[in-house]
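# Descriptive structure summary
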Amino acid sequence: QVQLVESGGGLVQAGGSLRLSCAASGRTFSSYAMGWVRQAPGKEREFVAAIRWRGGTTYYGDSVKGRFTISRDNAKNTVYLEMNSLKPEDTAVYYCAAVRSSTVLYYSDYASEFTYDSWGRGTQVTVSS
């Protein structure tokens, strides 16, 4: 199992930027794909972005394409989410998530919030208008 700890959330004005970090610990983290999923009040969880550990292939939800960038630092076992041009509708709790790549059947599954089975506690992002 992998343990995940998020940081970097906060309050920002519309149009601003934030960078979230997720530190992963545990064994064989190089076998895991990492992702970000968010949940706004009263709404279902929504896939945001994911990155496969090997090769660095990335996936994005339609609502964040062109504004958010996911990246990783393998040496630090850390995944980042750079969020630019933030909108009030980006307000949510952002969760870091992980899944062992060997359990994923289709590449498209990386872009689903239902694929991930390890979760952090979340970090709040609030975008004011």
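These remarks concern the structure in this document. Only a predicted model underlies this, so the values are computations on that prediction, with no experimental measurement involved. (Residues numbered from 1 in each chain as written. Predicted model: local features only at pLDDT ≥ 70, side-chain atom pairs only at ≥ 80, totals over all residues. Heavy atoms only, no water.)

### Things to note about unusual backbone geometry
Note: most peptide bonds trans; most residues except glycine with negative phi. We note that N77 has phi near 50°; this positive angle belongs to a residue other than glycine. Within the fold, N77 resides in the loop between β7 (68–73) and β8 (78–83). Residue classification places N77 among the buried residues on the basis of a relative accessible area of 15%. The phi torsion at S85 lies on the positive side, around 50°, for a residue other than glycine. With respect to the element layout, S85 can be found in the loop between β8 and β9 (92–100). (Helix = DSSP H or I, 4+ residues; strand = E, 2+ residues; numbered from the N terminus. Buried < 20%, exposed > 50% of the residue type's maximum accessible area, 1.4 Å probe, protein only.)

### A word on the pairing of β8
Two faces make up the sheet, and in a regular strand the side chains alternate between them. By the criterion of burial, β8 is predominantly enclosed, with 5 of the 6 residues buried. Bridge count for strand β3 (residues 18–26) against β8 is 6 bridges, and the pairing is antiparallel. For L20, the partnering residue across the bridge sits in β8 and is L81. Pairing between β7 and β8: 6 bridges, direction antiparallel. Across the sheet, the residue bridging to I70 is L81, located in β8. (Pairing = 2+ DSSP bridges.)

### Here's the deal with the pattern of salt bridges
Enumeration according to the criterion identifies 4 salt bridges in this entry. The shortest N-O distance in the salt bridge between E46 and R38 comes to 2.8 Å. Take E46: its relative accessible area is 30%, and that puts it in the partly exposed class. The shortest N-O distance in the salt bridge between K65 and D62 comes to 3.2 Å. For D62, a relative accessible area of 66% puts it in the exposed group. Put simply, R38, E46, R67 and D90 are held in one network by salt bridges that share partners. (Salt bridge = Lys/Arg side-chain N within 4 Å of Asp/Glu carboxyl O.)

### A short note on the sheet that holds β3
Within the open sheet, the 4 strands sit side by side as β1-β3-β8-β7. Their pairing is antiparallel. Only two strands of the sheet have a single partner each, and these edge strands are β1 (2–7) and β7. For this sheet, the mean inter-axis angle between neighbouring strands, taken without regard to orientation, is 20°. (Axes fitted to C-alpha atoms, helices over the stretch in contact; angles between N-to-C directions.)

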